[in-house]
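Summary of structural features
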Amino acid sequence: MTNLEIVKSTYEGKSSEENGKNLAKHVAEDIQWTEAKGFPYAGTYTGLEEITKNVFSRLGSEWTHYQFTPKQYVADGDTVIAIGNYTGVYKNTGKGFEARVAHLWTLKDSKIIRFEQIVDSKTVTDAMTK
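All residue numbers refer to position in the chain's written sequence, counted from 1. In view of the model being predicted, local features appear only for residues whose pLDDT reaches at least 70, and side-chain atom pairs are presented and counted only at 80 or more, with totals across whole chains, interfaces and linings using the full set of residues. Calculated side-chain values reflect all of the structure's heavy atoms, with hydrogen atoms and water omitted.

**Observations concerning the packing of aromatic side chains**
Side-chain rings of Phe, Tyr and Trp (the six-membered ring for Trp) are treated as a pair once their centres are within 6.5 Å; stacked means planes under 30 degrees apart, edge-to-face means over 60, and tilted covers the remaining angles. Across all of its chains, the model carries 15 aromatic pairs by this definition. Ring geometry for Y66 versus F97: centroids 5.8 Å apart, planes at 40°, classification tilted. One end of the pair, Y66, is in strand 3 (residues 63–76); the other, F97, is in strand 5 (residues 96–108), with 31 residues separating them in the sequence. In this pair, the class of Y66 matches that of F97, namely buried. Comment: elements are numbered from the N terminus, with helices defined as DSSP H or I runs of at least four residues and strands as E runs of at least two. Exposed residues in this analysis have more than 50% of their type's maximum accessible area, buried residues have under 20%, and partly exposed residues fall in between, with area computed by a 1.4 Å probe over protein chains only.

Here it is in structure tokens:
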């Protein structure tokens with residue numbers, strides 16, 4: 001698989017479970033995952049277990065219909081950028097949001113070694129505020 005195909009496989013599966021399995025299959029053991037400053041889950045997490053605990057589990061338990069919809073990909077060597085929109089409804093407030101986002105992926109030897117989120121965090125935090 002090309003680096004672009006690897007990244008696409010984490011978004012474009014038939015279900016979020018399939019996307020998660022594809023991510024798990026392609027991440028390096030010591031992947032560095034950075035959620036943007038100002039984002040509710042901000043920080044840098046190392047390894048899939050830490051990412052799952054601090055990001056994916058929280059997204060799954062705190063939001064309804066939370067998803068990233070890719071609109072465009074840019075690939076250059078070991079770098080792949082996915083540009084699109086987040087949408088979802090925060091369970092505690094019932095408020096929905098849409099935010100423009102870019103995901104910067106870095107791969108080495110067909111393994112994802114780094115992920116960085118760039119997002120308009122305000123729209124997300126506004127949905128979380130009563």
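**Some points on the environment of F115**
Considering the arrangement of structural elements, one finds F115 in strand 6 (residues 111–119). Take F115: its relative accessible area is 1%, and that puts it in the buried class. C-alpha of F115 to C-alpha of T52: the two residues are 63 residues apart in sequence and 14 Å apart in space.

**Some words on helix 4 (residues 121–128)**
Turning to helix 4, its buried residues number three or more, namely S121, V124 and A127. Each buried residue of helix 4 lies within a common arc of 130° when the element is viewed along its axis, so the set occupies one face. The contact rule is simple, with two residues in contact once any of their heavy atoms fall within 4.5 Å. Structurally, helix 4 contributes buried residues whose contacts are with strand 3, strand 4 (79–90), strand 5 and strand 6. Directions from the helix axis toward the C-beta atoms define the arc.

**What to know about the pairing of strand 1 (residues 27–35)**
Of the pairings in the sheet, the one linking strand 1 to strand 6 comprises 4 bridges and is parallel in character. Residue pairing for strand 6: V27 is matched across the bridge by I112. Paired strands are those between which DSSP finds at least two bridges. Taken together, the 4 bridges between strand 1 and strand 2 (residues 43–46) define a ladder with antiparallel strand orientation. Each bridged residue has a counterpart across the sheet, and for E35 the counterpart in strand 2 is G43.

Honestly, it's all geometry; don't read function into it.
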